[in-house]
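# Chain and residue survey
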Amino acid sequence: MSSWLGGLGSGLGQSLGQVSGSLSSFTGQISTFTKDMLLEGVEEVGDAATELQVSNSKLAEVEASFATQKSEYDRLRKLHAELEEKLEASEIQIKQQSAEYRTLLQQKDVEISHLKARQSGLQEEVQKLQQSAQSASVGPAVLPIVTTSSTTTSSASSYLSRPSGSHPGFHCDEMDLSDVIWSQQEINRLSTEVMRLEAEVAHWRRMSQATTAAGAGNGDQGEILKLQRTIKELREEMSREVDEHQHELAALQDAQRQKMADVTRRHREELAEYEERIEELEEQIQSGGQSSSSSDASKLPELQKTIRSLQEAAEQREKQLAELSASLEEAQRKQASLQLEKDEAQEENTGLLQNYTRLQASVAELQTRVQEQEGKTLQKAQLDHEIQVLRQNLTAAEKEIERLKNLAEAEPKEEVEHADILELNTVIGALRQENENLEQEKLNLQEQLKVAEEQIVSNNGADSGESESLEDLRVELERREKALRATEEERDTLMSELEELDQQNQEATQHMISVKEQLSVQLKEAEAELTKLTAELNATKDQKRTLEQEVETQKEKMSQSAFTLNELHMGKQQLERTMKELKDKLGHAQEQSREARREITELKKTLQEKEKLLSAAKAELDQAGERGTEAQGTKEELAGKERELSDLRRELDEMRGSQEKVLSADYELKMENTRLKAESEQALGRVEELTKQMKESQAAMNRTTREKETRIEALKLEKNQLDDELRQVERTLAEQAKQYQQTIDELTRARSMDASALQTEHERAIKLIQEKDMEIAQLKRDLEQLASDHRDTNEMLSITVAGQKQLTDLLQEKDVFMDTLKQNAADIQTEMENSISVVTKDAEALRQALEEKDKQLGGMKEENSHLKEEIDRLRDQQSRPQPLAEPRTLDIITELETEITQLKSSKNGLEEEVQTLRRTMEEQQASLLLSQQSLQAQQSELEQAHARHQQTTLNYDTLIHARDEDIARLQQTVDQLSVSQGRAGSPPVQGDVILQEDKTQTLNQENGNEKHDLSKVEIERLVRGMKEKETEISQLNEKNLSLTRQLDQLVVSRDEVGKLSQMILQKDLEIQALHARVSMGGGGGHSQDVMFLQQQLQAYAVEREQVLAVLNEKTRENSQLRSDYHRLMDIMAGKEAALLKLQQENQRLSNMSDPSGSHEMFKETIQNLSRIIREKDIEIDALTQKCQTLVTVLQSSGGESGAGSGGVSSNQFEELLQERDTLKQQVKKMEEWKQQVITTVKNMQHESAQLQEELIKLQGQVSADSDCSSKLSVDYARLIQSYEQKERRLGSLSQELAQVQQTITQLTSTKDVLLGKLDSVAQTPEVVVAQSSERPLTADAPSQQTASPVASEKLQEDLVRLREQLAQRDSMIRTLQENNHRLSNSASASENEQRSQAEEVRQVRERLDAQQRSLREKDLLIKTKGDQLIQVSEALRNRENDNEVLKQAVTNLKERALILEMDVKKLKEENEVVAARSREKESEFRALQETNMQVSLLLREKEFELSAMSEKAATVERMLKDKEQGKSGELNQLLNELKSMQEKAVAFQQERDQVMMALKQKQMETTAVQTELQHVRDKEQRLNLELERLRNHLLEIEDSYTREALAAEDRETELRRRVAVLDEKLATSSSAVENASQQASMQVESLQEQLSGVVKQRDDALIKLKTSQEQVNQYAVSLSNLQMVLEQFQQEEKAMYSAELERHRREKDEWKTKAQRLEDQASALQMNLDEANAALDSASRLTDQLDLKEEQIEELKKQVDVRQEMLEEAQRKLMNLLNSTEGKIDKVLMRNLYLGYFHTPKNKRADVLRLMGSVLGLSREDVDKMLEEDGRHGVTGWVSNWLGGRGAQSVPNTPQRPTSGQGLNSSFSEMFVKFLEMESTPSLPAPKLLVHDIKPLNAPPPRRTSGAASITTPGAAAASKRAGESNPFLAPRSAAVPLLAGSSSGGSGGHLLMKPISDALPSFTPVPVSAEASAGAVLKDLLKQ
């Protein structure tokens, strides 16, 4: 549009200049005409001769003038034809230009609509953001953006919408000169109006900026009034000036009205078209505001609207910023609330830990009290054992209740414990039922004893009828035998009761061990139950007192039995006395007495033999703990015991199954722990520690159970031996009975007269002796039983004490661990708070700095606008272009922009740090929660050991489901955080997104092949597990064989016992021989022999007991050695299995690493990269050489074209090339840095190779170090991750290389452009010179026209290419982000697959366990049918295997600790290497930053120098314009080159910005590497701490083992000491028995009475037994009542716990929902913040572009003002001419025409008449018609055809700036000369308005410098062509007023109409005047002519 206006103005100026030329010719003719008329009066001569001479001379003069006129006419006709041709060409060109500008207008309208749509979208986003916050903190910083955008769009739209009318061209010739002048006046008026209105627009824009920034918009009305007043004043001034010009031009109008009629006709249509276009412009101007009649007020409503829109936009931006700040504050508040919630959770955690420690203390107190009570109660008798069992059951139930309560507080899992309590109650009921059954059997036996006694009495009655003496003897003997049997039955019943009590005691001990196992798992107990326990302990103490009283009564009974024994001894002595008397009486009857004596001696021998045999068997039974019964009772008892054993086996099977369930649960826990280890490494260590502690406690418990079960086995073996011995004794007793019967028969046969009395006394004595021996044996057995029970209880107590110590140690360790956890959590919290406070402070400081910078920027922009206005004013005054804006402000603006970008980047970095801190906080919280949950889950699952299988499976399924949901939810939150972090991490500068890898999320990003390999490895592990199970089965078989060998050893020991029994039989034979000697020697030494034999017997019994004790010790030692051997075998098997695992794992690792393929790929990629970089270096070197050659060419061309301008352009070009070289050096530095990165990648490859060698070394070490497979797998995963990271870095390097390639291609394209332009520079001067000699107007403009569109098209292509590159980079970034998300999703999917695989593995292992269990059960069933003892040993072996597995885990932990130490050392070395590398990278980056700063400083200096050079160029151009007008074309081309150089400088700046962005990206990558290094260091510290803890734990375990060994040795010494004490007691008791036997000989007489007393006492004892049984029944009833109360209490507790559990669950769900909601809000806020930042960045970019547009618009407006002033002045002069020439005819002219007609020859007079007709305004047709009629009729109508001809086809022109100071004083000629001088001054051309003119702030506007120089080009050419022509007036005019300015600024070149006219209009009389002549000289010449 500007070029169109320029063309219009220049065309009008030239046409008016031509009119002025024709006017000058007319004035010349007028002056000659008047001179002739004056001379006529002077030259009148009287005579005719002189008159004839005068007339002849005049005729000659007229003829000469006619010839000149004719030549002038011919010349004018040619000129007319040329002008017609030019007019047609110009019309065509104007049409083309109008079409082009219409398309341009449509493009601009489309761009404006796009910008408006974008602004509306931004406003909608702002309104969305307004809903989140209310606060105005950063308001003023945004105002300039909004105002400038709105004003620019409105003004641009109003400005661009003006030129819409077409320009059809000059069609018709009919046009009045008055219309022309009026239209010119109207054009001038409208142009002034437009200029004034645009000045008002600029003024109002400034006012709107000021008022919106200040916040006040009240002075609108006052401004409108002021503007209206100024408009009125301007109108008045304009009317005054128009009147003055009309007065001046009145004379001219009168003279030339007739002559100009033809001209007006010709140009009327053109002016009508111009009027139409002007009306369209006015309509477009008025369409922006209200349609008011006055054109001066048409702009005011539009301005008001723009002001209002600006204010509204400013308010909206203020609101938007307020909402943004409010949203920030709200986010901070939410962060604070989250922190508070975290603190509350930590306080709750500390409270729970305190409760836990308190409960542990209470547990320790209770355990000590229980140990004291057990120590007291276990020293009591058999009944005390039974009550103790009940008490232990009661305490176990109470502990179950307490555990249930504590577990309800910790975790809702009490149903299982209720099931345990019910099982315990059932066990207690079963034991009570068995006790009642045993008591019932005892009563039955006592009744059978009474029946037997009654039968004995009846038999005695029946036998007495045979004979008097012999029958009485036999009856007496049978009665004694029956009494003996009854006492034996009593003893057997007592022994069976003892045995039952012992079994109950063993069952109670087993149950107590199980309860203690449960206690070891249930680590928490409540303080509230302590008072109840103390009360119940007092009750148990009372029960103990009653039991002690009962024991005292039993002891009294024992003393009474001892008294009866003494009485029996006395009776024995009396019997001996009676025997002596009978022997005296027998002396009388010698034969009968001899026979009787023989029989008596034989009887005595047999009796003594039998007694010795019996006593020996009984002694053996006593020392072995005999518990035999009579033949009939033993069978029933054996059946009962088999039933009990089957029950016990059932219980053991249940226990075993539950323990296997516990072990499977434990294995599942381990699998779960490994899964959790991958997610949080901190939780892993704690969970491993807990599992290790549990394994140790379980190992200890299983060890104790194994020892107990071995003891039970030994006892059962002894019981079987005793049963066999009992059967043997029964057989011997039957044989004895037979022998007794035989002796009685012999005695009855051989008996004489007093044989019956002797027989009865003898039998009585024998029975008494037997009874005494039996009682002694009974007492010894009781003592042995008490001692064995005491030993067992002591051992049990010591074992339980050791278990309790281990439990307390474990509890203390856990307390310490929880304290460290608390401390770590507190430290992390404090660090988090500090970092958050620091970050908030930094963010506030940054915000304040941003506000200040924005304010400074707004101020700078205002100052910049003021400076631009001042520059415009100076330019208007000097009428020459100002070179450049002040460079210092541009530098300040660039500095401020760089500072703003730095501040934004720092703010983004701080936000990223805050997000990382938040992530770490959330990870720590998650790890804490996970560790607590795993701890509680492990505790609960161990407590569920004795629950049913269905309940455990259901609980585990729910637990696993909940865990999976938690992990999925955490994974989703992590993905959301990574997405938000990817958004937050994108800096807003130039849309480049810096990718940041989320290190915490990409832990397991492995390829699909590796996942398949892992699944294969899992299958291989299953296969190995099956093989291990097979090896375990083989080991069990070996252990079975070893047990059979040990049984054989026991058989050998039995053989030794048999040898001992043979020795005892020999001793018995010796005793019999002694008895025989006594009987032979007489009765005196009998008693002494008996005493001697008894002492010997006692000594033998003591020796036998010692031997048996030694045997027991040996068997115990053998069992211990066997258990140690089994443990060592299991350890060896575990180590072998671990070795196999490690070997397979290493094989897999070596296969997976695959060094051949991956390393070859690595090498190939690195070689390709290095080759590409080398090629790029070669290309860059070639480009630098080409650029140097171009510099030299430029310098040479500059030297040829001219000293000033050429030097300037070549210097600027050199500077630009230097800048490009510096940029290339920076690119080389970046490529060197890339090379260093590649070398580091190679180094990493070498390190990976070294790591593989270390792996091979580790395979050699695996034979010693067994279990490090898990750690190696973790290390391998880390290596894979690092490898993937390196691959990603290689990909980023390849992308950067692609970017470098693109930049190089851009450089090559710019080089080609430069070369083309240099060729044009070299060619154009010659072309210009050649064309200027011929026709510069036709050749000059098209060349320029073709040159500038090429450059613009290239620039547009560059722009399009840059945009495509930007789009490609954005798409690459998006694809990378999508890949990142895809990788994270695949990682989560792989984790899910691993979980499913782990579940499948667990199911397979459960199936394997089930199959093994079924195998074991089948084996057990087969062996129970064969032998029950083998089944019990099988169960024991299973237990031992389970325990050994746990011990093996302990050893594995030790070995793993060693491997961890080695791995930690390796990690330290790697960390040191990484730290060194990071330091090197930091130093490199510092160097790069310094170089970057230097380059930016150099760039600023170059820009300053460029501005200075542009100023110099302007001055040189002015000088050259004055001196060398011929070389202006070259200068224009050089200026075009300069402009292209400036555009290239802008491109270089953009490249510099790209390099800066790459640098920032590298800095971000280095920060990421540093954070990764910090993570590695933290991990190393954690591993070191874990190692230290494992070492300490191992030391503690070893100390506990040594302490246990020492305690066992102490127990052994104590037991030996007790055995010695018991031996001493036995010796004393034997001496007492000897004394009693001495007294027994004296008390034989009172033996019968004492026997009756003994029977009574026995009956009393039976009655007391019944009462005690009743008491026992009462106790059972009371215990059942207690159980009922306990069950009610449990139900109440269960209800309470379920309510509490529900409440806790609800609270947990609420917390979870709160956390989810807060996370969602945080992510939404982050997204809003990112969008707001992006909107602010785009708004700042828009404001920069809008500022540029405004500057361009202002410059265009100023040029439009210049054009409008020219139009106004031309219009004014036209009007003056019209007024002056209208209706006036010059007499001189008419005279000259009249005379000229007559002076011409007749054949030429038609031409003169045509000329006169054309002057008078007649058409050519009329003149021709008149001439034809004249030819017919004569010369009568010549006047009608007068003044014919054709005028010039031109539009009148007026001077550019009329000087008001002339007034009416100067004459017309002087005014005309001054007008021509003024017209010779150059005018500014209008600039083009294209899309690519939008440049940054620091780019100088090219049209200012190039405009002035481009004007002179065609004029100079024309002047050089027409130097020799005759008319001097027309040369400066045509040279000064071109129709088209230079093509560089015009945009699309000039057309034919817009070219300078070489020939002026015709003048009738040429006046030769020199160019330097003044106005006076011109006037004098005119007057002379």
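Residues numbered from 1 in each chain as written. Predicted model: local features only at pLDDT ≥ 70, side-chain atom pairs only at ≥ 80, totals over all residues. Heavy atoms only, no water.

Another aspect to go through is the overall build of the chain. Scanning the chain from terminus to terminus reveals 34 helices and 0 strands. Residues counted as buried form 49% of the 1985 residues belonging to the chain. For the chain, contacts bridging at least 24 residues in sequence account for 91% of all contacts bridging at least 6. For the chain, the accessible surface area stands at approximately 94,700 Å², while carbon and sulfur atoms represent 55% of it. (Helix = DSSP H or I, 4+ residues; strand = E, 2+ residues; numbered from the N terminus. Buried < 20%, exposed > 50% of the residue type's maximum accessible area, 1.4 Å probe, protein only. Contact = heavy atoms within 4.5 Å. Areas by Shrake-Rupley, 256 points an atom, 1.4 Å probe, with all protein chains shown as cover.)

Bringing the nonpolar core into the picture now. Generally speaking, a soluble globular protein has its nonpolar side chains buried in company with each other. One finds F1162, I1166, L1169, I1238, L1290, L1293 and L1488 to be the most contacted residues of the largest nonpolar core, which totals 15 residues. Where this core is concerned, the elements lending two or more residues are α20 (1155-1201), α21 (1203-1261), α22 (1269-1334) and α24 (1428-1523). When residues in this core are grouped by element, the largest group, 5 residues, is from α21. When sequence neighbours within four positions are dropped, the list of residues in contact with F1162 reads V1241, Q1245, Y1283, K1286 and L1290. V180, I187, L252 and I278 belong to the second largest nonpolar core, which has 14 residues in total. (Core = buried A, V, L, I, M, F, W, Y, C linked by side-chain atoms within 4.5 Å.)

A few words on the environment of S1738. Within the fold, S1738 resides in helix α26 (residues 1647-1781). Judged by relative accessible area, which is 9%, S1738 ranks as buried. Sequence separation between S1738 and L122 is 1616 residues, and the spatial gap between their C-alpha atoms is 9.4 Å. With near-sequence residues (within four places) excluded, S1738 lies in contact with R118 and L122.

Further remarks concern a positive patch on the surface. Among the surface-exposed residues, R577, K580, K583, R594, R597 and R598 lie close enough to one another that they form a single positively charged patch. Relative to the assigned elements, R597 resides in helix α12 (residues 590-623). When its relative accessible area of 39% is taken as the criterion, R597 is described as partly exposed. (Patch = residues over 30% accessible without salt bridge, like charges linked within 9 Å, V, L, I, M, F, W, Y side chains within 5 Å. Salt bridge = Lys/Arg side-chain N within 4 Å of Asp/Glu carboxyl O. Lys, Arg positive; Asp, Glu negative; His and termini not counted. Charge placed at Lys NZ, Arg CZ, Asp CG, Glu CD.)

Applying the stated rule across the entire model yields 4 aromatic pairs. Look at Y1797 and F1798: their rings are 5.3 Å apart centre to centre, the planes differ by 75°, and that puts the pair in the edge-to-face class. On the numbers, 6.2 Å between centres and 45° between planes, the contact of F1872 with F1875 is tilted. Of the two residues, F1872 and F1875 both sit in helix α30 (residues 1868-1879), 3 residues apart, roughly one turn of that helix. Looking at F1872, the relative accessible area reads 15%, which means it is buried. Taken together, the aromatic side chains of Y1794, Y1797 and F1798 make up a single cluster linked through ring pairs. The ring of W1711 carries K1714 above its face, with NZ or CZ at 4.6 Å from the centroid. One residue, R1805, lies across the ring of Y1797, its end atom 5.3 Å from the ring centre. (Phe/Tyr/Trp six-rings, centres within 6.5 Å; stacked < 30°, edge-to-face > 60°. Lys NZ or Arg CZ within 6 Å of the ring centre and 35° of its normal.)

On to the side chain of Q574, then. Inspection of the secondary structure assignment puts Q574 in helix α11 (residues 529-586). By relative accessible area, Q574 is classed as buried at 5%. Of note is the side chain of Q574, whose polar atom sits 3.4 Å from the backbone oxygen of M1642. Beyond its immediate chain neighbours, meaning those up to four positions away, Q574 contacts A1640, S1641, M1642, Q1643, V1644, E1645, S1646 and L1647. (Polar contact = N/O pair within 3.5 Å; in protein donor to acceptor, adjacent residues only side chain to side chain.)

In this section: the pattern of salt bridges. Enumeration over the complete set of coordinates arrives at 70 salt bridges. Between R1589 and E689 there is a salt bridge, with the nearest N and O atoms lying 2.5 Å from each other. Here E689 lies in helix α14 (residues 681-750) and R1589 lies in helix α25 (residues 1528-1642), a separation of 900 residues in the sequence. R1589 sits in the buried class, given a relative accessible area of 19%. E689 sits in the buried class, given a relative accessible area of 5%. Two residues, R1500 and E895, come together in a salt bridge whose shortest N-O distance is 3.6 Å. With R1500 in helix α24 and E895 in helix α16 (residues 887-943), this pair connects stretches of sequence that are 605 residues apart. Residues joined in a network through salt bridges with shared partners are R706, E1440, E1444 and K1447.

Moving on: the environment of N673. The topology assignment puts N673 in helix α13 (residues 631-679). Here N673 falls in the buried class, since its relative accessible area comes to 7%. When the C-alpha positions of N673 and R686 are compared, they lie 9.8 Å apart, and in sequence the two are 13 residues distant.

Should pLDDT be low for a region, the predicted coordinates there are not to be read in detail. For the chain, mean pLDDT is 78; residues scoring 70 or higher make up 78% of the total. Scored below 50 in pLDDT, residues 135-174 shows 131 contacts in the model against residues more than four places distant or in partner chains. A low-confidence stretch, residues 1835-1864 stays under pLDDT 50, and its non-local contacts, those more than four residues away or across chains, total 140 contacts. (pLDDT = per-residue confidence, 0-100.)

Attention now moves to helix α28 (residues 1805-1816). With 12 residues, α28 should reach 16 Å at 1.5 Å per residue; the first-to-last C-alpha distance of 16 Å fits that figure. G1817 occupies a position one or two residues after α28 and carries a positive phi of about 95°. (Expected span 1.5 Å × (residues − 1).)

Take the packing of helix α2 (residues 48-130) against α26 next. Packing of α2 against α26 brings their axes to within 11 Å, and their N-to-C directions diverge by 145°. For the pair α2 and α26, the crossing hand works out as left-handed. Between α2, through K108, E111, L115, R118, L122, E125 and L129, and α26, the contact on the second element is made entirely by N1728, A1732, A1735, S1738, L1742 and K1749. Counted by class, the contact of α2 with α26 contains 6 nonpolar, 2 polar and 5 charged residues. (Axes fitted to C-alpha atoms, helices over the stretch in contact; angles between N-to-C directions. Left-handed = near helix turned anticlockwise from the far one by under 90°. Nonpolar A, V, L, I, M, F, W, Y, C, P; charged D, E, K, R; others polar.)

What follows deals with the packing of α2 against helix α27 (residues 1787-1799). At their nearest, the axes of α2 and α27 sit 9 Å apart, and the two run at 95° to each other. Put simply, α2 runs roughly perpendicular to α27. Residues K58, L59, V62 and E63 of α2 lie in contact with α27, whose contacting residues are L1795, G1796 and H1799. In the contact of α2 with α27, the residues fall into 3 nonpolar, 2 polar and 2 charged. (Parallel < 35°, antiparallel > 145°, perpendicular 65-115°, else oblique.)

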